[in-house]
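Understanding the architecture of this molecule
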Amino acid sequence: MKAKWNLVTCLYIVFYALYSLSTRIIPTAVLCQGMAADLLYKAVILGGCVLAAGTLFLIRKTIKGNALLYLLGGFLVILVISTITNYKYGFVDNALGVVTFTTQLTVFYFLPLTMPKEMIHKCIRITGLCCSLLWTPACIVSLYQYVRNITYRTLNPAGNEVRQGITDGRLFGVFSDPNFAAFSSLILSILLVYVWRHTSKKWVKTYCIINILCNVLYLIMSNSRTIYIAAVGTILFFVFFTTYEREKGDTFRMGHFIFSLCKRGLLAVIGILAIYTLVFFPLQAVGQLTAPEREVGDMVREDVTTSNITNNRSTIWKHYLTLYKDKPIFGFSVRSALPYASNKYPGSYLDITQYVTHNGYLSLLVETGFTGFAVMGAFLILVLVQSIQRVRQKEKISASYMMFANLIIATLIFLVCFHDVFFTVNIETMLLFIAIGYISSINARH
């Protein structure tokens, strides 16, 4: 019974990841619009509800209360209070947001309590391979569009006109947004490195290398500054992690560790710059040869200037912080901030632009107030403290632990400049909850 349940859960994880990625590729999003899109979304939500109910049933006798669990419970209570106090501004949407968060948290965070560790590893590897079948071809088509200097506009499923190909100094390609696309390539590359490391089959290793190369090429040519920072930050974290693992032990010497860390960190930075240089500029040269009519500064960002270096994000953040003061304790709930701004401040910046926060931490503050922000912050800090305690032990860290830690770091950096991850159906949401749940379960055993 439990084996079959875990198989269904693994299939759901693969389906969830593929669904999330398909919404970021304009051709697949358009192909599945209307009733098909509605059915797929409902399948994700209803499937999550069924799995959440089953998960709670399976762990009802084995789950033990701890500080992390109490913090998550407190956060859910705050979410409910926030939803009730904002009932005038889209109560149903807010309630659905709370249900989405609760089901995803239950299915993914508690995964180690229902699924054996080895099966989680296998499920993540299968997810990475399946996602590459959908995502990598889209990256290849996008890179072809850059080389051929293809630029056009098309309608997304919502009926809005979106940019495609190479435009405004960025490679949108066939994706709805180059930032989310580049981040998807980053986390997929992490998953494929994990697959590469855990297979002995040469054809699988070769397949992983080809896919990683294509995704890295797109990541670089996307010209997304935020993803550059996320990628560099993740690599440097990996360097720190592996250096400490290598140096720790009975003979650990802080001076030698710092020297090794600086040396390996410097080599990593030099390597990153070398890869960027060997990819970005040669591809630009190839582009000029194949399409001489293109502008010389085809990869110069037109939406970023010295007076607007954050691409309007600082303005958005300032207005949301001003709005936050209206409801500082429990916030505006999951989806009420913009309706509230339009109702109370018609003609305001947020009412006119309808921009989301473009910062996951600010979203958390605005949506759940200081109380929710503090409780979730305490949860993440406690996970960090327990992880540090685990890493400092003599026993070596597994490759799986390291992979999940890198996924967490990449996502947390990404959230600095992009919207919510807690209340959405996104592959990074799924991987973040699974990663935190996995690492927390390992920390608890030690």
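Figured I'd write up the structure that's included with this text. Please read all numbers here as calculations on a predicted model, not as lab measurements.

1. A look at the overall build of the protein chain
Scanning the protein chain for helices and strands turns up 17 helices and three strands. Its C-alpha atoms give the protein chain a radius of gyration of 22 Å, within 12% of the compact-globule value 22 Å for 446 residues. Each of the three principal axes of the protein chain carries a C-alpha extent, and together these read 70 × 65 × 45 Å. Counting every position in the protein chain, which comprises 446 residues, the buried fraction comes to 49%. Long-range contacts, defined here as pairs at least 24 residues apart, represent 79% of the contacts in the protein chain between residues at least 6 apart. When the accessible surface of the protein chain is totalled, it reaches about 21000 Å², and 70% of it is carbon and sulfur. Distance between charge centroids for the protein chain: 12 Å, based on 38 positive and 20 negative side chains.

2. Overview of the environment of Y349
Along the chain, Y349 falls in helix α14 (residues 349-353). Not counting residues up to four positions away in its chain, the partners in contact with Y349 are N312, T315, I316, H319, Q354 and Y355.

3. Quick notes on the sheet that holds strand β2 (residues 161-167)
One open sheet accounts for three strands, arranged β1-β2-β3; its pairing is antiparallel. Single-partner strands in this sheet number two, and they are β1 (151-155) and β3 (170-173). In this sheet, neighbouring strand axes are inclined to one another by 40° on average, regardless of whether the strands run parallel or antiparallel. Here β1 pairs with β2 via five bridges, running antiparallel. If you follow L155 over to β2, its bridge partner there is E161. Against the sheet, helix α7 (residues 117-147) engages β1, β2 and β3, with an angle of about 130° to β3.

4. Topic: unusual backbone geometry
Phi angles above zero are rare outside glycine, and D168 is one such case at about 55°. By the secondary structure assignment, D168 is in the loop between β2 and β3. The exposure class assigned to D168 is partly exposed, which follows from its relative accessible area of 23%. Despite not being glycine, Q354 shows a phi value in the positive range, around 55°.

5. Quick word on a nonpolar patch on the surface
Taken together, the side chains of V80, I84, Y87, F91, V92 and L96 define a hydrophobic patch exposed on the protein surface, amounting to about 590 Å² of accessible area. The set of elements that each furnish at least two residues to the nonpolar patch consists of α4 (67-85) and α5 (91-109). Element by element, the count of residues in the nonpolar patch is highest for α5, at three residues. When you line up the elements, V80 lands in helix α4.

6. Some remarks on the packing of aromatic side chains
A full pass over the atoms with the stated rule returns 28 aromatic pairs. These aromatic residues form a ring-pair network of at least three members: F75, F101, F422, F423 and F433. Sitting over the ring of F57, R60 keeps its end group 3.9 Å from the ring centre. The ring of W196 has K205 lying over it, and the distance from NZ or CZ to the ring centre is 4.3 Å.

7. As for empty space enclosed by the protein
Here the structure, examined in full by the defined rule, presents one cavity of 30 Å³ or more. Of the voids in this model, the largest cavity is the one considered here, and its volume is about 50 Å³. Lining of the largest cavity is provided by L72, L105, Y109, M376, F379, L380, F422, F433 and I436. Put simply, the parts of the chain that give the lining of the largest cavity at least two residues each are α5, α15 (360-391) and α17 (427-445). At three residues, α15 tops the list of elements feeding residues into the lining of the largest cavity.

8. Topic: the layout of surface pockets
There is about 1000 Å³ of room inside the second largest pocket. Taken together, 30 residues make up the lining of the second largest pocket; nearest its centre are L186, I190, V193, A231 and I235. Secondary structure elements with two or more residues in the lining of the second largest pocket: α8 (178-197), α9 (202-221), α10 (225-247), α11 (254-290) and α16 (399-414). Split into classes, the residues belonging to the lining of the second largest pocket amount to 25 nonpolar, four polar and one charged.

9. A look at the side chain of S20
Along the chain, S20 turns up in helix α1 (residues 2-22). In this structure S20 comes out as buried when scored by relative accessible area, which is 0%. Ignoring anything within four residues of it in the chain, the contact list for S20 reads V425, N426 and I427.

Each value, and the rule that gives it
Residues numbered from 1 in each chain as written. Predicted model: local features only at pLDDT ≥ 70, side-chain atom pairs only at ≥ 80, totals over all residues. Heavy atoms only, no water. Helix = DSSP H or I, 4+ residues; strand = E, 2+ residues; numbered from the N terminus. Rg over C-alpha atoms; globule rule 2.2 N^0.38 Å. Buried < 20%, exposed > 50% of the residue type's maximum accessible area, 1.4 Å probe, protein only. Contact = heavy atoms within 4.5 Å. Areas by Shrake-Rupley, 256 points an atom, 1.4 Å probe, with all protein chains shown as cover. Lys, Arg positive; Asp, Glu negative; His and termini not counted. Charge placed at Lys NZ, Arg CZ, Asp CG, Glu CD. Pairing = 2+ DSSP bridges. Axes fitted to C-alpha atoms, helices over the stretch in contact; angles between N-to-C directions. Patch = residues over 30% accessible without salt bridge, like charges linked within 9 Å, V, L, I, M, F, W, Y side chains within 5 Å. Salt bridge = Lys/Arg side-chain N within 4 Å of Asp/Glu carboxyl O. Phe/Tyr/Trp six-rings, centres within 6.5 Å; stacked < 30°, edge-to-face > 60°. Lys NZ or Arg CZ within 6 Å of the ring centre and 35° of its normal. 1 Å grid on protein atoms, 1.4 Å probe; cavity = no way out; pocket = protein on both sides within 12 Å on 5 of 7 lines; lining within 4 Å. Points joined across faces, edges and corners; volume = space filled by probe spheres on them. Nonpolar A, V, L, I, M, F, W, Y, C, P; charged D, E, K, R; others polar.

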